[in-house]
Amino acid sequence: MDYQNNTILLVDDEADILDFLSYNLRKEGFTVFCSTNGKDALKVAQENNPGLIILDVMMPGADGFQVCREIRNNPALKDSVIAFLSARGEEFSQIEGFDAGADDYIRKPVKPRVFVSRVKALMRRQSHEHVNDNRLYINDIVIDKERYMVLKEGREIEMSKKEFELLLLLAKRQGKVFSREEIFTRVWGDDVIVGERTIDVHIRKIREKIGIDNIKTIKGVGYYFS
């Protein structure tokens, strides 16, 4: 098993689900810890620094969104990948999950083989990004953070500084929906006044350069990298 960190924390208030999922993951060689509530999950996460944390949404005490935010605010757990596993499949729940800092959102019920495959994909992403801190690899796209360079199928793509920073912001957290306000703050800064169409123009140019299917629009909310 070639993962940087093969430890997984499962958090769900239903013991039978924890038993079922942990059994299938341990069969694949993962080290698995389980927790039935948010408060205990935070303690277990701090003690074991898991490579992947899988959270249910509806739990007693603190819900999964709250737990996710607390984990994301903990520097010691900055490298942990977080995924939600929930029966709540509404779009607003998924958006809230990504806004809280999740890397993926998996709907229940899920077949064991599909679940394990999703877990392996998330663990590979965690390992790959950890090893290649200065480069982000997404399919045929390479984003070199140190050199401010983007490659597609080995060919360099010319981008302005703001185009690069916007692309990197979205690509670093695939699936997370960034609101327009958040993009303005992170890319242009609070003290910079730009026109209403600035983000739209930059998104259009990035799509033209790397492919229209990579960046998705959530009407009235913002954008995410798929």
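For the structure, see preceding data.
So, here is what we can say about the structure in this document. What you see is a predicted model, and the numbers here were worked out from it, not measured in a lab.

Cut-offs applied
Residues numbered from 1 in each chain as written. Predicted model: local features only at pLDDT ≥ 70, side-chain atom pairs only at ≥ 80, totals over all residues. Heavy atoms only, no water. Core = buried A, V, L, I, M, F, W, Y, C linked by side-chain atoms within 4.5 Å. Buried < 20%, exposed > 50% of the residue type's maximum accessible area, 1.4 Å probe, protein only. Helix = DSSP H or I, 4+ residues; strand = E, 2+ residues; numbered from the N terminus. Contact = heavy atoms within 4.5 Å. Phe/Tyr/Trp six-rings, centres within 6.5 Å; stacked < 30°, edge-to-face > 60°. Lys NZ or Arg CZ within 6 Å of the ring centre and 35° of its normal. Pairing = 2+ DSSP bridges. Axes fitted to C-alpha atoms, helices over the stretch in contact; angles between N-to-C directions.

The subject of this paragraph is the nonpolar core. Ile143, Val150, Leu167, Leu170, Ile183, Ile210 and Phe225 are the most contacted members of the largest nonpolar core, which has 26 residues in total. At the level of secondary structure, the elements contributing two or more residues to this core comprise β6 (135-138), β7 (141-144), α6 (161-172), α7 (180-188), α8 (198-210) and β12 (222-225). For this core, the leading source of residues is α6, giving 7 residues. Those residues in contact with Leu167, other than ones at most four positions away along the chain, are Ile143, Val150, Met159, Ile206, Ile210 and Phe225. Counting 22 residues, the second-largest nonpolar core is a separate cluster that includes Val67, Cys68, Ile82 and Ala102.

Summarising the element assignment, Asn49 is placed in the loop between α2 (38-48) and β3 (52-55). For the pair Asn49 and Lys219, spaced 170 residues apart in the sequence, the C-alpha separation amounts to 36 Å. In contact with Asn49, other than residues within four places in its own chain, are Asn5, Ala76, Leu77 and Ser80.

As a further point, take the packing of aromatic side chains. Applying the stated criterion across every chain yields a total of 4 aromatic pairs. For the ring pair Phe65 and Phe84, a centre distance of 5.3 Å and an interplane angle of 65 degrees mean the geometry is edge-to-face. In this pair, Phe65 sits in helix α3 (residues 64-72) while Phe84 sits in strand β4 (residues 81-86), placing the two residues 19 residues apart along the sequence. With respect to burial, Phe65 and Phe84 carry one shared label: buried. Between Phe84 and Tyr105 the ring centres are 5.9 Å apart and the planes differ by 40 degrees, which places this aromatic pair in the tilted class. Of this pair, Phe84 sits in strand β4 while Tyr105 sits in strand β5 (residues 104-107), placing them 21 residues apart in sequence. No difference in accessibility class separates Phe84 from Tyr105, as the two residues are buried. Put simply, the rings of Phe65, Phe84 and Tyr105 touch in pairs and so form one group of aromatic residues. The cationic tip of Lys176 hangs over the ring face of Phe178; the distance from NZ or CZ to the ring centre is 4.8 Å.

In spatial order, the strands read β2-β1-β3-β4-β5; together these 5 strands make up an open sheet with parallel pairing. Every other strand in the sheet has two partners, leaving β2 (31-35) and β5 as the edge strands with one partner each. Pairwise comparison of adjacent strand axes, ignoring direction, gives a mean angle of 20 degrees for this sheet. Two elements, strand β1 (residues 7-11) and β2, share 5 bridges in a ladder whose sense is parallel. Across the sheet, residue Thr7 finds its bridge partner in β2, namely Thr31. Each of β3 and β4 touches α3; the most contacted strand, β4, lies at about 180 degrees to it. Here helix α4 (residues 91-100) sits on the sheet and contacts β4 and β5; the angle it forms with β5, its principal contact strand, is near 145 degrees.

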